[in-house]
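Listed here are the chains, written in short residue letters.
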Amino acid sequence: MTWMIFGTMIVLLMLGFPMMIPLIAGSLIGFVGLFGGFGQLDTMVQQILGGIRPASLIAVPMFIFAADIMTRGQSATRLIDLVMSFVGHFKGGLAIATAGACTMFGAVSGSTQATVVAVGGPLRPRMLKAGYNDSFILALIVNSSDIAFLIPPSIGMIIYGVVSGTSISELFIAGIGPGLLILVMFSIYSYFYALRNNVPTLPKSTWAERRQAVLRALWPLGFPAIIIGGIYGGIFSPTEAAAACVLYALFLEMVIFREMGLKQLYSTAKSTGLITAVVFILVGAGAAFSYVISFAQIPQHILGSIGIDEMGQYGVLFTISIAFFVGCMFVDPIVVILIFVPIFAPVVQSVGLDPVLVGTIITLQVAIGSATPPFGCDIFTAIAVFKRPYVEVVKGTPPFIIMLLTTAVLLIFFPQIALFLRDLAFNK
Amino acid sequence: MTLDDKHAPKPDPDVIAAAETAAVDEDDIDDSKYVSGLPGLLGVIDVGIARIEAVLLAIGVLLMALNTMANVVGRYVFGESLFFSEELNRALIILITFAGISYAARHGRHIRMSAFFDAMPFRMRKMMMIVIAVVTSAAMFLLTWYSVDYLLSQASRGRLLPALQIPQWWIIVWAPLGFFLTGLQYGLTAIKNLIDKDIWLSTSTLEGYDDSAEEEV
Amino acid sequence: DTWRYAFEEAMEEVQGKFAQKFKEEVEANSDHEIQLFPFGTLGESADIMEQAQSGILQFVDQSPGFTGALIPEAQVFFVPYLLPEDQDTLVEFFRTSKAINELFPPLYAEQGLELLTMFPEGEVMMTTTNEVTSPEDLNEVKFRVMTNPLLVGSYQAFGATPTPLPWGEVYGALQTGIIQGQENPAFFIESTKMYEVTDYITRAGHNNFTTAVMANKEFFDGLSDEDKEVVQNAIDAAFDYIVDYQDGLTETSLEKIMEAKPSMTITTLTEEQRAPFKATAEEVEAEYLEIGGDQAQEILDQMKADLEAAAGGSEG
Ligand code: NA
Ligand code: NA
């Protein structure tokens, strides 16, 4: 049944069916096969509804909404002008700033999807104007969002910590090293990309111009203040910070800049709702599909047959990496962690691996997987938000995925990338 | 560097223009220009439903922002959390998703991977589009049936939402409704493709990823 | 046959241990195989409950707190200072209680469920960023509780500001200071690392976390007498096992916490310190009677009688 499910899904996807259909078909075959008929399809509906229910998902429409308001009005332009006045004259400066913004945003958001929307929404038009190729931009945004998953806070690390009984504080600190390493790699790649493709640079701004840019950006600088100050000041949860950004954006664009009237407010809200629906029906259908995989114990069957108990440390780490990478191509990352971690726990312990290292590698693989075709959730978020075809969104990803997988391999051979800061902080 | 990058060093002005105005012109669907695929009175009803979907989407999103912030204000200003806040958000996200999927189906906005599809010759594309619309419609009607089933079993169990103290099933009535209207849209799309010479993504959207230009046709 | 059993915790937590023992017993004494589904792998608590009701799952472990939406009477387990702190009395109560063994099963049966057993998971403790020795210390403290009217009522009566938060956000919220406290049994505080982001553990003795194991009723009624006996024996064996397992679990968990974070302060409140907390119980009890369904009064009275009997029984 396993191969029939995956085969059908890929064929339907390739034929150009709406993406919810492969996921729904995969679940349907599963439900009918598992329960010998259509009798339990109400549980499939339950799972679709359950998939869109988690409270943390609310941050996604809120950031879509805030980013949309900012981009339609003045806020985004003024903020980016400010950044450009400092980095515009560097080769690849804007691309590096984008990766940097994802990293900074990652310090407040635990979700890759929210990062794609909040950072990518305002920055993509500017990068296009600056002369970057769209598929490079889309790939940069989608993959830089992985950094947000590694930089604390991270939903993935919290779930891993709870399921495996590993210190969440240690995991959080261990994520910083690999997160920054990826930022460095992406920055270097962006620099050479800009060099190779002759992306023009801006003339270096004078300090007077920079001062001017700062003044113009004073109001919009309230956004980072709300997000970072609000969350670390203990006022908001990340979801609430997203909603606060919406209200602040409305205040700026409707009251201060007077760029937006009630009519545009209505259109923006409607468009946010539409994007949300298109993404969330896939999240829901994906949850139903995850249920089938989990219920049929498919991972257990596959992993049970490869003899992981015979492997050494490196073998185990590579197997884990591959399992999570492949798993996240099809199934929701959180569910993959919930199912896989208990399966691997005994062998991780028996070969004497540091659970914090394993958790960091898993978090990285989960992030990579969520940006990988065919069903990575960041991909369909990017398609919906940027309204670009599927192929356009995934075309530029290979170099980034190679860099990310290189990071994963480096982590396996040089665990200190993750553990150095942890050991320093916890005196180990 | 990928091959593609070398071939495309210059930005495509159309793409830039589209991205810049992303939100303003191209992206905004003008509901007053929406033409239903249904004839006569049914068409009038359908246009009305489209309007309601649009309003529900906008109001759902706005309410979600307000509700989330009201909880913060309650916590800090009045020292009292709004216990229904999370449940209300859950209700709203279900409303948005299911009002949105049929609205997206109307305007051909559902995400699909069209690379291979686009490479096919016209006749095959047309046939394929009919197959896609029929299969999608069937899947939606199937889910309509079983979400009614789920709804009824929820209603019979009498589960209450802990904070709002209203029956759980009240917040999921949108699911069968959304699936049904989506199934209807795809069904109409199949018919439109059968009777018209062009290829239609939805009853109002001609093939091609950007629906904006064609929508007024 | 293959039977499926889902629960609300991870494999190595109390519900998981119980389930593993149950599986071991059933598989040793019959040809049936049991598949275990820990927390989150088949959906949230409400989802697995529905799946058990519809027969996809044969067994489910759900705590009465969550069942409250379905069986309001089950919320009796949230009335503070109702269950005894003494472990022997507590176990004796769960074994012999008429309320549990006779009054609750028909209520579960109405929902298509066979109530197999209820068992305690451990004393509920508060973990907070500030020291708590009296209700005054909870003043202005934003305290995360599950969305249950009685829990909310309890902490309101204690003087705190009950704050609902999805479980996934609790750790982060304690770290950044959105909330300053939460409550759970010691093993859960240890396994979910709540001690990393709080500094004080307070044992006010106000409750013991209770959970229930159920079977789909149609499935259970359809079993042969022989299989029913296998299931019942396995439940009994798992119950004995979990009582043993818990003996000292609280202490071990607290020791692990102290080892991982020596700066943690664990305070067991004295009877005197507890008095003002206990004084609020009546208020919550009244609320329970109001929202606890038709049989709330009957269940509460019977539980009190059972507890008295258990206290006598375990002493004598
Ligand atoms: Na993060
Ligand atoms: Na990502």
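The structure under discussion appears in the preceding block.
Since we're looking at a predicted model, the values are computed, not measured. (Residues numbered from 1 in each chain as written. Chains lettered and ligands numbered in written order. Predicted model: local features only at pLDDT ≥ 70, side-chain atom pairs only at ≥ 80, totals over all residues. Heavy atoms only, no water.)

Q: Outline the interface of chain C and chain A, supporting the account with residue identities and numerical values.
A: Every contact between the two is made by 29 residues of chain C and, on the other side, 31 residues of chain A. Overall, the association of chain C and chain A removes approximately 2600 Å² of surface from exposure, summing both partners, and the carbon and sulfur fraction of that is 56%. Sorting the residues of chain C by area buried against chain A places Ile56, Thr176 and Ile178 of chain C first, and these three jointly supply 20% of that buried surface. If you look at where chain C meets chain A, you find 2 salt bridges. Arg53 of chain A is paired through a salt bridge with Asp47 of chain C; the nearest N and O atoms lie 2.8 Å apart. The interface formed by chain C and chain A contains 14 residue pairs in polar contact (both at pLDDT 80 or more). Elements represented by at least two residues in the side of chain C that touches chain A include exactly β2 (33-37), α2 (45-54) and α7 (167-176) of chain C. In terms of residue class, the side of chain C that touches chain A is built from 10 nonpolar, 12 polar and 7 charged. (Contact = heavy atoms within 4.5 Å. Buried area = accessible area lost by both parts, 1.4 Å probe. Salt bridge = Lys/Arg side-chain N within 4 Å of Asp/Glu carboxyl O. Polar contact = N/O pair within 3.5 Å; in protein donor to acceptor, adjacent residues only side chain to side chain. Helix = DSSP H or I, 4+ residues; strand = E, 2+ residues; numbered from the N terminus. Nonpolar A, V, L, I, M, F, W, Y, C, P; charged D, E, K, R; others polar.)

Q: Which residues make up the coordination of the sodium ion (ligand 2), and what are the values?
A: Residue and element names in this part refer to chain A. Bound to the sodium ion (ligand 2) on the protein side are Ser145 (OG), Asp146 (OD) and Asp378 (OD), at distances that span 2.0 to 2.8 Å. In the primary sequence, the donor residues of the sodium ion (ligand 2) line up as S-D-x231-D. Taken together, the positions of Asp146 in helix α8 (residues 134-150) and Asp378 in helix α19 (residues 377-386) put the pair 232 residues apart, joining distant regions of the chain. You can call Asp146 buried: its relative accessible area is 0%. (Donors = N, O, S within 2.8 Å, 3.2 Å for Na, K, Ca; no water. Buried < 20%, exposed > 50% of the residue type's maximum accessible area, 1.4 Å probe, protein only.)

Q: Residues and numbers for a nonpolar patch on the surface, please.
A: All names here are of chain A. Taken together, Tyr314, Phe318, Ile322, Val326, Val409, Phe413 and Phe414 make up a surface patch of nonpolar side chains, about 640 Å² in accessible area. Only α16 (313-330) and α21 (397-413) provide two or more residues apiece to the nonpolar patch. It is α16 that provides the largest number of residues to the nonpolar patch, a total of 4 residues. Inspection of the secondary structure puts Phe413 in helix α21. (Patch = residues over 30% accessible without salt bridge, like charges linked within 9 Å, V, L, I, M, F, W, Y side chains within 5 Å. Areas by Shrake-Rupley, 256 points an atom, 1.4 Å probe, with all protein chains shown as cover.)

Q: Pulling in residues and values, what's your account of the interface of chain A and chain B?
A: The interface is formed by 75 residues belonging to chain A together with 74 residues belonging to chain B. Put simply, chain A and chain B have 2 salt bridges between them. Across the pair Arg75 of chain B and Glu240 of chain A runs a salt bridge whose closest N-O atoms are separated by 2.9 Å. Inspection of the region where chain A meets chain B yields 9 residue pairs in polar contact (both at pLDDT 80 or more). In terms of residue count, the dominant contributor to the side of chain A that touches chain B is helix α14 (residues 262-295) of chain A (15 residues). The residue inventory of the side of chain A that touches chain B, partitioned by class, reads 49 nonpolar, 13 polar and 13 charged.

Q: Give a description of the pattern of salt bridges that names residues and reports values.
A: Per the counting criterion, the structure on display carries 34 salt bridges over all chains. The salt bridge involving Glu44 of chain C is made with Arg53 of chain A; its shortest N-O contact spans 3.5 Å. Taken together, the residues Glu44 of chain C in the loop between β2 and α2 and Arg53 of chain A in the loop between α3 (41-51) and α4 (59-72) connect one chain to another. Put simply, Glu85 of chain C and Arg274 of chain C hold a salt bridge, and the shortest N to O gap is 2.7 Å.

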